[in-house]
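Examining the three-dimensional arrangement
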Amino acid sequence: MTTTNDPTAQTLERIGAKTPEAVAEKFAEVRRRFDKEATDSSDRERLQAFVLRWTGRKAGVLTQITDNWLKPATPELKRVVGQELNKLKAHVETTLEEKRKEIETASEQTVTARDKIDLSLPGIERAFGTRHLIRQTFEELQRIFTAIGFSVVEGPEIETPYYNFEALNIPEHHPARDNMDTFYIEGARSSYLLRTHTSPMQIRTMEKEKPPVRIVVPGKVYRRDNPDATHGYMFHQIEGLAVDTDITFCDFKGTVDYFAREFLGPKTKTRLRPSYFPFTEPSAEVDATCHVCGGKGCRVCKFSGWIELFGAGMVNPAVYGFVKYDPERLSGFAFGMGVDRLAMMKYGVTEVPLLFQNDVRFLQQFP
Ligand code: DAH
């Protein structure tokens, strides 16, 4: 409220100072208020409001002082007010700058404290997968045979009766077809089936390649047996075939012995029992001395000292007729192994379903 016409007195009144000397005291008051508010503005949000309150271009305290105290002041007062105002501005600026830094460091410190990595803590363990026992066994078998010059080939699981039976010297109505319990695929134009063994790849390979032939064929085979504790619809085999101009029964037996030693241990011995397969002549069942008791007799070999390994024999010359190989000039041997059986035997697995259920507790036992 203006009570005088003297412009100097009017300005002093607005400032609330009685004399020009008291102006400095008024500015000191403002400054104390600023300092108090600064102390209270201890976080980012409060600081923001505080900055706006004091330095806001339109309504900030500094603007108000400029507009109300400085601008209308008479020249003699302007000097004092100007000087005081500049000091205040400088003080406000440095204080705000310090405040900003303070708050920044504080928040940086909380972030670092929260995200700090303690290198002495144990890490998070990654669960490693392993290859399935059957896969491992396949790889072991392939290693054993590729080491002596066999190569690995694979063939179709959907076959024709020609490759699965006929060309293997199993004609229609041959009793060997009966115990194969074949899955036939119905509705197909010509008839197809799920291969009951890996032997068809003997034919497919010899059809395509000239002798010498040395192959192993790993793969799945299918039979309509009743699924129970010991049989499923699908199991795994690995087929072997070696054909050349001078392969003898000795080569066959030598290969069998080498395999048994590699697979079951260096002391393993083998024996051949006469058997029958249409595609081999003579045919044999290969037995090995028991890898558990060494032949003395134990529960694993049913106290016989021997365990059955696989079926094999010298390739029946009748088979060569189907692939246009000269039976006068060529000879060879073949074998077919049940991989699931071999794996179970070697690793002491007693139940077939364990191989197919993929229970992690089982799988983890074969890292
Ligand atoms: N294919 C026969 C089976 O599944 C196994 C077999 C026996 C394969 C003798 C052969 C062999 O190559 O020579 O029962």
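Residues numbered from 1 in each chain as written. Predicted model: local features only at pLDDT ≥ 70, side-chain atom pairs only at ≥ 80, totals over all residues. Heavy atoms only, no water.

**Some points on the site of the ligand**
Formally: For each residue, the test is whether any non-hydrogen atom lies within 4 Å of the molecule or strand; if one does, the residue is near. Pairing of N or O atoms within 3.5 Å defines a polar contact, subject to two protein rules: one partner must be a possible hydrogen donor and the other a possible acceptor, and residues neighboring in sequence count only if both atoms are side-chain atoms. All accessible-area figures derive from a Shrake-Rupley calculation using a 1.4 Å probe, and residue coverage is judged against the displayed protein chains alone.
Not every one of the 15 residues close to the ligand is listed here, only the nearest: His197, Ser199, Arg223, Gln237 and Glu239. In the model, a nitrogen atom of the ligand is placed 2.9 Å from a nitrogen or oxygen of the His197 side chain. At 3.3 Å from an oxygen atom of the ligand is found a main-chain nitrogen or oxygen belonging to Phe335. In isolation the ligand offers 350 Å² of accessible surface; the protein chains occlude 91% of this area.

**Some thoughts on the sheet that holds strand β4 (residues 192-194)**
Consider a sheet: its strands pair through backbone hydrogen bonds, and that pairing is either parallel or antiparallel. Here is the rule: Paired strands are those between which DSSP finds at least two bridges. Secondary structure follows DSSP: runs of H or I at least 4 residues long count as helices, runs of E at least 2 residues long count as strands, and numbering of each begins at the N terminus.
Sheet architecture is open: 3 strands sit in the order β2-β4-β3, paired in antiparallel fashion. Of all strands in the sheet, those with a lone pairing partner are β2 (158-159) and β3 (184-185), marking the two edges. Two strands pair when backbone bridges link them, and β2 and β4 are joined in this way by 2 bridges, in the antiparallel orientation. Directly across from Glu159, in β4, lies its bridge partner Leu193.

**Examining the packing of helix α3 (residues 44-55) against helix α5 (residues 75-115)**
This is how it is decided: Axis geometry follows a simple rule: fit a line to the C-alpha atoms, using only the stretch in contact for helices, then measure angles between N-to-C directions, giving values from 0 to 180 degrees. Throughout, the term roughly parallel applies to angles under 35 degrees, roughly antiparallel to angles over 145, roughly perpendicular to angles from 65 to 115, and oblique to all others. Note: crossing handedness is left-handed where the near helix turns anticlockwise from the far helix by less than a right angle, and right-handed where it turns clockwise. In what follows, residue pairs with any heavy atoms lying within 4.5 Å of each other are defined as contacts. Residue classes follow a fixed rule: Ala, Val, Leu, Ile, Met, Phe, Trp, Tyr, Cys and Pro count as nonpolar, while Asp, Glu, Lys and Arg count as charged, and any other residue, Gly among them, counts as polar.
Following both chains from N to C, one finds α3 and α5 inclined at 170°, their axes separated by 11 Å at the closest point. As judged from the angle between their axes, α3 and α5 are roughly antiparallel. Relative to α5, the crossing made by α3 is left-handed. On the side of α3, the interface is formed by Arg44, Leu47, Phe50, Val51 and Thr55, while α5 contributes Val92, Leu96, Lys99, Arg100, Ile103, Glu104 and Ser107. Residues belonging to the contact of α3 with α5 are distributed by class as follows: 6 nonpolar, 2 polar and 4 charged.

**What about a nonpolar patch on the surface?**
The condition that has to hold: Surface patches are defined over residues having more than 30% relative accessible area and no salt bridge, joining like charges when they lie within 9 Å and nonpolar side chains (Val, Leu, Ile, Met, Phe, Trp, Tyr) when within 5 Å. A carboxyl oxygen of Asp or Glu within 4 Å of a side-chain nitrogen of Lys or Arg is what we treat as a salt bridge. Think of it in three bands: with a 1.4 Å probe and only protein chains considered, a residue is buried below 20% of the maximum accessible area for its type, exposed above 50%, and partly exposed in between.
Side chains of Ile158, Ile185 and Tyr192 sit close together on the surface and give an oily, nonpolar patch of about 240 Å² of accessible area. As for its position among the elements, Ile158 is in strand β2. By relative accessible area, Ile158 is classed as partly exposed at 47%.

**Remarks on the domain arrangement of the protein**
The condition that has to hold: Segmentation into domains, and thus their bounds, comes from an automatic or database assignment.
Partitioning the protein into domains gives domain 1 (7-115) and domain 2 (133-363). The C-alpha centroid of domain 2 is placed 95 Å from the C-alpha centroid of domain 1.

**What about the nonpolar core?**
For the record, the criterion: For the purposes of this section, nonpolar cores are sets of buried Ala, Val, Leu, Ile, Met, Phe, Trp, Tyr and Cys residues that join through side-chain atoms within 4.5 Å.
Judged by nonpolar contacts, the single largest core of 42 residues is most densely connected at Phe259, Leu309, Phe310 and Met337. Every element with two or more residues in this core is listed here: α6 (133-146), β6 (234-244), α10 (249-264), β8 (280-289), β9 (306-315), β10 (331-338) and α12 (339-347). If you tally residues by element for this core, the top one is α10, at 7 residues. Ignoring anything within four residues of it in the chain, the contact list for Phe310 reads Val256, Phe259, Ala284, Glu285, Val286, Phe335, Gly336 and Met337. With 25 residues, the next largest nonpolar core counts Val30, Leu47, Val92 and Ile103 among its residues.

**Things to note about the pattern of salt bridges**
Within this structure, the stated rule accounts for 20 salt bridges. Across the pair Glu37 and Arg53 runs a salt bridge whose closest N-O atoms are separated by 2.7 Å. Placement of Glu37 in helix α2 (residues 23-40) and of Arg53 in helix α3 is noted, with a sequence separation of 16 residues between them. Residue class for Arg53 comes out partly exposed when judged on its relative accessible area of 40%. A salt bridge links Glu308 to Arg273; its shortest N-O distance comes to 3.7 Å. On the criterion of sequence distance, the pair formed by Glu308 in strand β9 and Arg273 in strand β7 (residues 270-277) is long-range, its members being 35 residues apart.

**Describing empty space enclosed by the protein**
Which entries qualify depends on this criterion: In the cavity and pocket records, a cavity denotes points on a 1 Å grid over the protein atoms alone where a 1.4 Å probe fits but cannot get out, a pocket denotes an open set with protein on both sides within 12 Å along at least 5 of 7 lines, and lining residues are residues with an atom within 4 Å of a point. Grid points are joined across faces, edges and corners, and a volume is the space filled by probe spheres set on the points.
Within the structure shown, the criterion is met by 1 cavity of 30 Å³ or more. Reported here for the largest cavity is a volume of approximately 30 Å³. Taken together, Phe145, Phe252, Thr255, Val256, Phe259, Phe310, Phe333 and Phe335 form the lining of the largest cavity. Of all elements in the fold, only α10 and β10 reach the threshold of two or more residues within the lining of the largest cavity. Broken down by element, the residue count for the lining of the largest cavity peaks at 4 residues, all from α10. Considering only residue class, the lining of the largest cavity consists of 7 nonpolar, 1 polar and no charged.

**Focus on α5**
The test is simple: Every helix has an expected span of 1.5 Å times one less than the residues it contains.
With 41 residues, α5 extends 59 Å between its outermost C-alpha atoms, agreeing within 8% with the 60 Å of an ideal straight helix rising 1.5 Å per residue. Here α5 has its buried residues at Leu77, Val81, Gly82, Glu84, Leu85, Leu88, His91, Val92, Thr95, Leu96, Lys99 and Ile103. The secondary structure elements touched by the buried residues of α5 are α1 (7-15), α2, α3 and α4 (61-70).

**Considerations on the layout of surface pockets**
In this structure, the second largest pocket occupies an estimated 270 Å³ of space. If you trace the second largest pocket, you find 15 residues lining it, with Arg135, Phe138, Gly219, Lys220 and His236 closest to the centre. When residues of the lining of the second largest pocket are traced back to their parent elements, those giving at least two are α6, β5 (213-222) and β6. For the lining of the second largest pocket, the element with the highest residue contribution is α6, accounting for 4 residues. Of the residues contributing to the lining of the second largest pocket, the split by class is 5 nonpolar, 5 polar and 5 charged.

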